[in-house]
Amino acid sequence: MNGIIEGKTNAVKQHNNREEKMQILQAKAGRWERILVILRKSKARFIPEILVEKLLMLSAVVSIMALLLISVFIFSRGVPLIASVGLGDFLFSLEWKPIQGKFGIGAMFVGSLLLTSASLAWAVPLGLLTAIFMAEIAPPPVGRIMTRMVSLLAGIPSVVYGFFGLVIIVPLIRNYLGGTGMSVLAGAIILGIMILPTIINISRDAIQAVPLVYKESSLALGASHYQTIGRLILPAASSGIITAVVLAMGRAIGETMAVVMVTGNAPIIPDSLLAPLRTMTSNIVLEMGYAAGDHQAALFATGAILFIFILLLNLLLNFIRRAGKRYAGN
Amino acid sequence: MPGTRIGEKALTCLLYLSALIIIGILLAVVGYIVYKGLAMINLDFIMQAPRRAGKEGGISSTIVGTLYLTVLSLAIAAPLGVGTAIHLEEYAQKESYFAYLVTLTAETLAAIPSIIYGLFGFVFFVIYLKLGWSIWSGSLTLAIMVWPTITRTAQEAILSVPREYRENSLALGASKWQTIRKIVIPAAIPGIVTGMILALGRAIGETAAVLLTAGTSLGMPLSPADPARSMSVHLYMLAMEGLSMERAFGTAFLIIILLLFINYLANRSMSFLSHNGG
Amino acid sequence: MEKAIKMKSRELNLFYGNFQALYNINMDIEENRVTALIGPSGCGKSSFLRSLNRLNELIEGSRISGEVFLDDSAIYEKGINVVELRKKVGMVFQKPAVFPMSIYENVAYGPRIHGIKKRSELDEIVCRSLQSANLWDEVKDRLVAPANQMSGGQQQRLVIARVLAVQPEVILMDEPASALDPISTARLEELIAILKTRYTIVIVTHNMQQAARVSDYTGFFLHGCLLEFNRTEELFLNPRHNKTEDYITGRFG
Ligand SMILES: Nc1ncnc2c1ncn2[C@@H]1O[C@H](COP(=O)(O)OP(=O)(O)OP(=O)(O)O)[C@@H](O)[C@H]1O
Ligand SMILES: [Mg+2]
């Protein structure tokens, strides 16, 4: 203990030396006093602080208002028509004859669901396999390049995909499988390509988020890499993978331009993969240009149904996320 | 055991195959459009106004229209989006009802399909606010669309700024806003800019919403009150009405090149700006 | 010998949500003296330190009761300018967090905030602060270099220079030496001895020798209570409490 106190006295001696130096320095100081005065006098300005805070809050409020406005305007235009036609008739009647005042979007409703399922049917397995490849198999540089490529794929706008479908996929189908080529199949191919990045990115993230220790301890127990993937990693990532599929579903059902360009748009329920179909989104974009009165209201009503669909999917997503969290917490 | 060996080999092949398919798809789409579109690109195509509904001439007015729409929408959405992100991350109480509401709003806005934005923009901006088919209507609609992208990326960027920076700055007697302005935002700028670039890409490619709000006029837009046709809408019209496939390829080519460039910028901005941070 | 009391806490209680981190802390902090806070991990040293410049308010769910005074004005009073307070009560953290800017800009950050704009005046502050922090000679030729390229010890001294540049009256240090090598630590202690002639210093440390070397007063915390507070020599040579003795002799903690 004495040594400690001694060390302390030394430090004090040293500091006396230094203080002398410091005093010399200070004697030289001319404007130093003035600087000190400025430093000491400066007062925080409270009013702009509060103003800024309110402004920032306002930008958040604007976004909520935007969502409210969207809901109000879409529903107020669409709901009265649904009410007068009757929800059942509007959703399930196959008669879409706007000029005669018959508004049944049954064919389009089925068309949207059909096309979405068809595209998910091939894009989900392919996307999931690719995600596994990127997260587990690919050497890191390859994984990075693939990530870049997938983000490129995600960045290509839907109208370009539609155009590609129109000039490549449709003629291929026409020449090799028959029909006009404008078909469910063409739509499912293009739509599937468009939702691939969503599926790949989100399930890859989910797979990569599985802690490395799980994997290591499974391997240490003598499980093969694939057994580990199948029994441990995929189940642990399942809520993320389901999220990916639901998000992809939302994208597919809301997609417009690509679909309208390759599916032929006949408002009938297709009887084969080579037959044309019309989705709810196509219905809106095709007729909005000239629709008026009830016809226009019916298009808004179509949008309202689509909107509700998306809201439900979002609700489902929140539910999955919460369930996933609970699972991870245990 | 040999059975599982073969099974695993087959699985490995399958995984490689699926990766190859993805690469193949990308190369097919980009390659084909670049291959067919390149032949169409020359100065006239870019500089000349479209004639006879786009059958002849260039696409100059649609390039200007696209530029107008994207720049204006970003100018509207960027302050709102970054402002919301700052509010959420720095001011709002994390558990508060309001913060939850804003987050939920952002999620919902991000999930709404563009055709619904188009419908809304049409009835609200074009009809209700009497802005007509115009760059204003289009940009405002696009701004709401890209707002969640900007907010989310900015939020992530702000969140990744170490808490210690804030504490140190506050402990020096800086006010909250001074801390945000001088420490947090500069440190988060790479992420914020990346978000804006991503938003830009989305705005350039958007078709359905622009079609219903900015119109399809081929005239050269001079003021934001003028209607305009964007390049993507032009591509749609050319292809759907079979007006001129060469010009459609040329337009698609330009869109793709623009987006490749933007993708490159987004990747660069992250590393470039973070190297020169502050 | 008696000196003025710079800061004092009275019946200070601190809560994080339902968890009480500090119980009825009464402490007088003398002007131009070094006060050390010691105690086992989690006993509330940092919490106490951070309640002296109201930095605890940044933690959501934290609440406080009791009072803290700076020069006889209660700092938790309504209408107190927190920014002003934090300017007077500077803080050095455990891990030096240099801002992602140049060395010069780091030191100039505070003065700029407080309204000094002239380059020449900033130059002078930066130079003096770096000198006071014993760093000037090492960095004077590379003031524009990014600050995060410096060594850990240099970064810690830079952070101190940054605090000095706003001319605080009290400097709080939360385990400032825990990430430093022995030589840097020695230099830091030297610096503290110099600084106390002009500032009031409160330092949290896990190192008994360090507390004994640098401080005039020492407070021993245990489970959120201030168990013992006395002149450093007294506390180390004649601890009144068994627990204190056990702790400083290394029998627990
Ligand atoms: N943000 C927080 N939320 C909830 N509890 C906290 C928080 N920060 C600290 N605590 C709790 O308060 C108590 C005191 O923490 P404090 O950080 O003040 O201890 P300390 O004495 O500084 O410890 P150390 O020596 O490890 O730094 C601890 O039990 C800790 O768990
Ligand atoms: Mg601590």
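Residues numbered from 1 in each chain as written. Chains lettered and ligands numbered in written order. Predicted model: local features only at pLDDT ≥ 70, side-chain atom pairs only at ≥ 80, totals over all residues. Heavy atoms only, no water.

J.: Let's hear about the packing of aromatic side chains: which residues, and what values?
T.: Residue and element names in this part refer to chain A. Overall, the coordinates contain 21 aromatic pairs over all chains when judged by the stated rule. With a centroid separation of 6.0 Å and 85 degrees between ring planes, the pair formed by Phe92 and Phe109 is classed as edge-to-face. Separated by 17 residues along the polypeptide, Phe92 in helix α4 (residues 87-92) and Phe109 in helix α5 (residues 106-137) bring together distant segments of the chain. Exposure remark for Phe92: the relative accessible area of 56% places this residue in the exposed category. Since its relative accessible area comes to 12%, Phe109 is described here as buried. On the numbers, 6.1 Å between centres and 70 degrees between planes, the contact of Phe109 with Phe309 is edge-to-face. (Phe/Tyr/Trp six-rings, centres within 6.5 Å; stacked < 30°, edge-to-face > 60°. Helix = DSSP H or I, 4+ residues; strand = E, 2+ residues; numbered from the N terminus. Buried < 20%, exposed > 50% of the residue type's maximum accessible area, 1.4 Å probe, protein only.)

J.: Could you give an account of the domain arrangement of chain A, naming the residues involved and the relevant values?
T.: Residues and elements named next belong to chain A. Per the domain assignment, the segments making up chain A are domain 1 (2-84) and domain 2 (88-327). Listed per partner, the contact involves 8 residues of domain 1 and 13 residues of domain 2. For the pair domain 1 and domain 2, the interface holds 0 salt bridges. Here domain 1 is connected to domain 2 by 1 residue pair in polar contact (both at pLDDT 80 or more). Here the side of domain 1 that touches domain 2 is built from residues that sort into 5 nonpolar, 2 polar and 1 charged. (Domains from an automatic or database assignment. Contact = heavy atoms within 4.5 Å. Salt bridge = Lys/Arg side-chain N within 4 Å of Asp/Glu carboxyl O. Polar contact = N/O pair within 3.5 Å; in protein donor to acceptor, adjacent residues only side chain to side chain. Nonpolar A, V, L, I, M, F, W, Y, C, P; charged D, E, K, R; others polar.)

J.: So, the interface of chain B and chain A: which residues are in play, and what are the values?
T.: Across the boundary between the two partners, chain B contributes 72 residues, which contact 71 residues of chain A. On the chain B side of the contact with chain A, Leu15(B), Ile22(B) and Leu119(B) bury the most area, a combined 10% of that side's loss. For the interface between chain B and chain A, the tally reads 1 salt bridge. The shortest N-O distance in the salt bridge between Glu107(B) and Arg321(A) comes to 3.1 Å. Across the chain B-chain A interface, the total number found is 6 residue pairs in polar contact (both at pLDDT 80 or more). Examining the composition of the side of chain B that touches chain A, we find that 18 residues originate from one element, helix α1 (residues 2-38) of chain B, more than from any other. Tallied by class, the residues present in the side of chain B that touches chain A amount to 55 nonpolar, 14 polar and 3 charged. (Buried area = accessible area lost by both parts, 1.4 Å probe.)

J.: Which residues make up the packing of helix α7 (residues 158-177) of chain A against helix α8 (residues 184-208) of chain A, and what values do they have?
T.: All names here are of chain A. Direction vectors running N to C along α7 and α8 enclose 140 degrees, while the axes themselves pass 9 Å from each other. Taken together, the axes of α7 and α8 lie oblique to each other. Crossing handedness for the pair α7 and α8: right-handed. Together, Ser158, Tyr161, Phe164, Gly165, Ile169, Val170, Ile173 and Leu177 of α7 and Leu185, Ala186, Ile189, Ile190, Ile193 and Met194 of α8 make up the contact between the two elements. Among the residues making up the contact of α7 with α8, the classes are represented as 12 nonpolar, 2 polar and no charged. (Axes fitted to C-alpha atoms, helices over the stretch in contact; angles between N-to-C directions. Parallel < 35°, antiparallel > 145°, perpendicular 65-115°, else oblique. Left-handed = near helix turned anticlockwise from the far one by under 90°.)

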